[in-house]
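Residues per chain are reported as follows:
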Amino acid sequence: MAASKYDFSIEQGSSFKLSLVYKDDNNNPIDLTNWCARLTWKTNTNTTQTFSTENIDYSVYKFSIEPLIGKITLMIPASTTNSFLFNAAKYDLELQSDDDLYVGGGKYIIRLIYGTINIVKRFSQSSSLLECEP
């Protein structure tokens, strides 16, 4: 199956969530048990950044897989998006199974989606985030 093109925007200084379900041709979720995911982008300023489901520092981002329902979710907090100074980036989202393609051929890897990310700049350019007391 060929990768799908999907363009989206991230609001600078706002929390961001990208969630999708990987399905087969019959519209059934694909079991992603023991799979991992990686989203890599290259910005218009030539900076490359990688987000991986192997990450354990959730202060910067959280990238997770709900394997039995084929769900992949990338969440980036406002504190991270507030520091995005680029205007756009080209990205690829890849999945890797725990199975080898064939003996000696390495893991089975597919590019699921790709496209352009646009950063919607804040007017206020605030250096602090909104903090409300309950």
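Residues numbered from 1 in each chain as written. Predicted model: local features only at pLDDT ≥ 70, side-chain atom pairs only at ≥ 80, totals over all residues. Heavy atoms only, no water.

S.K.: Can you break down the sheet that holds strand 3 (residues 16-21) residue by residue, with the values?
M.R.: Strand order in this open sheet of three strands is 3-7-6, and the pairing throughout is antiparallel. Each of the sheet's edge strands pairs with one partner strand only, and the pair in question is strand 3 and strand 6 (62-66). Neighbour-to-neighbour, the strand axes of this sheet turn through a mean angle of 10°, independent of strand direction. Bridge count between strand 6 and strand 7 (residues 71-76): five bridges; the pairing is antiparallel. The residue bridging Ile65 from the neighbouring strand is Ile72, located in strand 7. (Pairing = 2+ DSSP bridges. Helix = DSSP H or I, 4+ residues; strand = E, 2+ residues; numbered from the N terminus. Axes fitted to C-alpha atoms, helices over the stretch in contact; angles between N-to-C directions.)

S.K.: Run through the pattern of salt bridges, naming residues and quoting values.
M.R.: In a structure, side chains of opposite charge can pair up when their charged atoms sit close to one another. Applying the stated criterion to the full structure yields four salt bridges. The salt bridge partner of Asp92 is Arg111, with a shortest N-O separation of 2.8 Å. Within this pair, whereas Asp92 is found in strand 8 (residues 88-100), its partner Arg111 is found in strand 9 (residues 107-120), the two being separated by 19 residues in sequence. Judged by its relative accessible area of 27%, Asp92 falls in the partly exposed class. Using a relative accessible area of 40% as the deciding quantity, one classes Arg111 as partly exposed. (Salt bridge = Lys/Arg side-chain N within 4 Å of Asp/Glu carboxyl O. Buried < 20%, exposed > 50% of the residue type's maximum accessible area, 1.4 Å probe, protein only.)

S.K.: Lay out the environment of Ser59 in plain terms, naming residues and giving numbers.
M.R.: Within the fold, Ser59 resides in the loop between strand 5 (48-52) and strand 6. Here Asp57 takes part through its side chain, which lies 2.6 Å from a polar atom of the side chain of Ser59. (Polar contact = N/O pair within 3.5 Å; in protein donor to acceptor, adjacent residues only side chain to side chain.)

S.K.: Which residues make up the nonpolar core, and what values go with them?
M.R.: Ranked by size, the top nonpolar core spans 29 residues in total, and within it Leu39, Trp41, Phe63, Ile72, Leu95 and Leu112 carry the most contacts. When contributions to this core are tallied by element, the ones reaching two or more residues are strand 2 (8-11), strand 3, strand 4 (36-43), strand 6, strand 7, strand 8 and strand 9. In terms of residues, this core owes the most to one element, strand 9, which gives five residues. (Core = buried A, V, L, I, M, F, W, Y, C linked by side-chain atoms within 4.5 Å.)

S.K.: Could you give an account of the packing of aromatic side chains, naming the residues involved and the relevant values?
M.R.: One pass over the structure, following the stated rule, counts nine aromatic pairs. Taken together, a centroid distance of 6.3 Å and an interplanar angle of 80° make the contact between Trp35 and Tyr108 edge-to-face. Highlighted residues: Trp35 in the loop between strand 3 and strand 4 and Tyr108 in strand 9, separated in sequence by 73 residues. With a centroid separation of 5.3 Å and 40° between ring planes, the pair formed by Phe84 and Phe86 is classed as tilted. Site record: aromatic cluster; members linked through ring pairs are Trp41, Phe51, Tyr61, Phe84 and Phe86. (Phe/Tyr/Trp six-rings, centres within 6.5 Å; stacked < 30°, edge-to-face > 60°.)

S.K.: So what about a nonpolar patch on the surface? Which residues, and what values?
M.R.: Taken together, the side chains of Leu101, Tyr102 and Tyr108 make up a nonpolar region of the molecular surface, amounting to roughly 330 Å² of accessible area. Along the chain, Tyr102 falls in the loop between strand 8 and strand 9. With a relative accessible area of 53%, Tyr102 lands in the exposed category. (Patch = residues over 30% accessible without salt bridge, like charges linked within 9 Å, V, L, I, M, F, W, Y side chains within 5 Å. Areas by Shrake-Rupley, 256 points an atom, 1.4 Å probe, with all protein chains shown as cover.)

None of the figures reported here should be taken as evidence of function without further support.
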